[in-house]
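Tertiary structure, described
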Amino acid sequence: MGYDELPAGDTSQVARIYQEMKWKIIFGRYRPGMDISEATLARVFGASRTPVREALSRLSADGYVVSFPGRGFAVAPITISMVQNIFQLRRILETAAAETAASVATHEEILEMQRAAEYSCTGAEEDGYRLAIASNIDFHLAVAKATHNDLLADSVESCLLQVYRILLLGGDFARFEEGTAAHHHAIVDAIESRDPCGAREAMEHHISRGADVIMGNLIEGRIKGVVF
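Values in this document were obtained by computation on a predicted structure and should not be read as measured data.

1. Quick notes on the environment of I191
Relative to the elements of secondary structure, I191 occurs in helix α9 (residues 180-192). Placed 90 residues apart in sequence, I191 and A101 show a C-alpha to C-alpha distance of 6.4 Å.

In structure tokens:
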């Protein structure tokens, strides 16, 4: 399933509004802090305000919008603390996932990681970014799912989508993704070798490099809409 598609069988207005709104926020069409009008969205989506409100409630629960009693909703701001917290959580979750996968991953799961490890950014257009995001998430989810812990995998996916939301507000996408395939292969090699410590270290290196690039972009002022 693509990351801009609905789960199989879920064709409700709420689900469609939720998915489209989420991707508009991730790709910066709805900027951090932007007020969201239920009435306007109802007109845009040709829906009543009830499914719009439900979709916004889901987006609020997932951290994409915030609710203000008596005022409505706004796109969630991005703060330095939020960025730091996301990468701290990724380190906790994904290093543990890599370590665990090195002990419990099946042969088929390792093959899936190897297939997903190849990665390239296919140009500075939205479709290219979307494919790159899907490819990278596929790899990280393959590692997380090999732990056989669905809650961990869901949490990893949520973190990754927030990382790309931050990056796509003006970050250096090419620099962020530089060396990604090599990092992925190093992680898989350690997992295939049944080396938990090596898998943890390889994942730590990979995530730390991404964090360093994004924090550097923030210092350089490349990423717009961040609250310091």
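2. Some points on empty space enclosed by the protein
In this structure the tally under the stated criterion is one cavity of 30 Å³ or more. As a volume, the largest cavity reaches approximately 120 Å³. Along the walls of the largest cavity sit 15 residues, with N136, F176, T180, H206 and G210 positioned nearest its centre. For the lining of the largest cavity, the secondary structure elements donating two or more residues are α6 (126-145), α7 (150-167), α8 (173-177), α9 and α10 (196-220). By residue number, the principal contributor to the lining of the largest cavity is α10, which donates four residues. Partitioning the lining of the largest cavity into residue classes produces five nonpolar, six polar and four charged.

3. As for the pairing of strand β2 (residues 65-68)
Bridging between β2 and strand β3 (residues 72-75) involves four bridges; their strand directions are antiparallel. Each bridged residue has a counterpart across the sheet, and for V66 the counterpart in β3 is A74. The antiparallel hairpin formed by β2 and β3 contains three residues in its connecting segment, where G70 sits at a positive phi of about 80°.

4. Quick look at the packing of aromatic side chains
One pass over the structure, following the stated rule, counts three aromatic pairs. Residues Y164 and F176 carry aromatic rings whose centres are separated by 6.1 Å and whose planes lie at 75° to one another, so their mutual orientation is edge-to-face. Note that Y164 is positioned in helix α7 and F176 in helix α8, a separation of 12 residues in sequence. Y164 gets classed as buried once you look at its relative accessible area, which sits at 1%. Three or more aromatic residues link up through ring pairs in this structure, and these residues are Y164, F173 and F176. The ring centre of F68 lies 4.3 Å from the NZ or CZ of R71, which sits over that ring.

Reading guide: rules and limits
Residues numbered from 1 in each chain as written. Predicted model: local features only at pLDDT ≥ 70, side-chain atom pairs only at ≥ 80, totals over all residues. Heavy atoms only, no water. Helix = DSSP H or I, 4+ residues; strand = E, 2+ residues; numbered from the N terminus. 1 Å grid on protein atoms, 1.4 Å probe; cavity = no way out; pocket = protein on both sides within 12 Å on 5 of 7 lines; lining within 4 Å. Points joined across faces, edges and corners; volume = space filled by probe spheres on them. Nonpolar A, V, L, I, M, F, W, Y, C, P; charged D, E, K, R; others polar. Pairing = 2+ DSSP bridges. Phe/Tyr/Trp six-rings, centres within 6.5 Å; stacked < 30°, edge-to-face > 60°. Buried < 20%, exposed > 50% of the residue type's maximum accessible area, 1.4 Å probe, protein only. Lys NZ or Arg CZ within 6 Å of the ring centre and 35° of its normal.

Treat this as a map of the structure, not an account of what it does.
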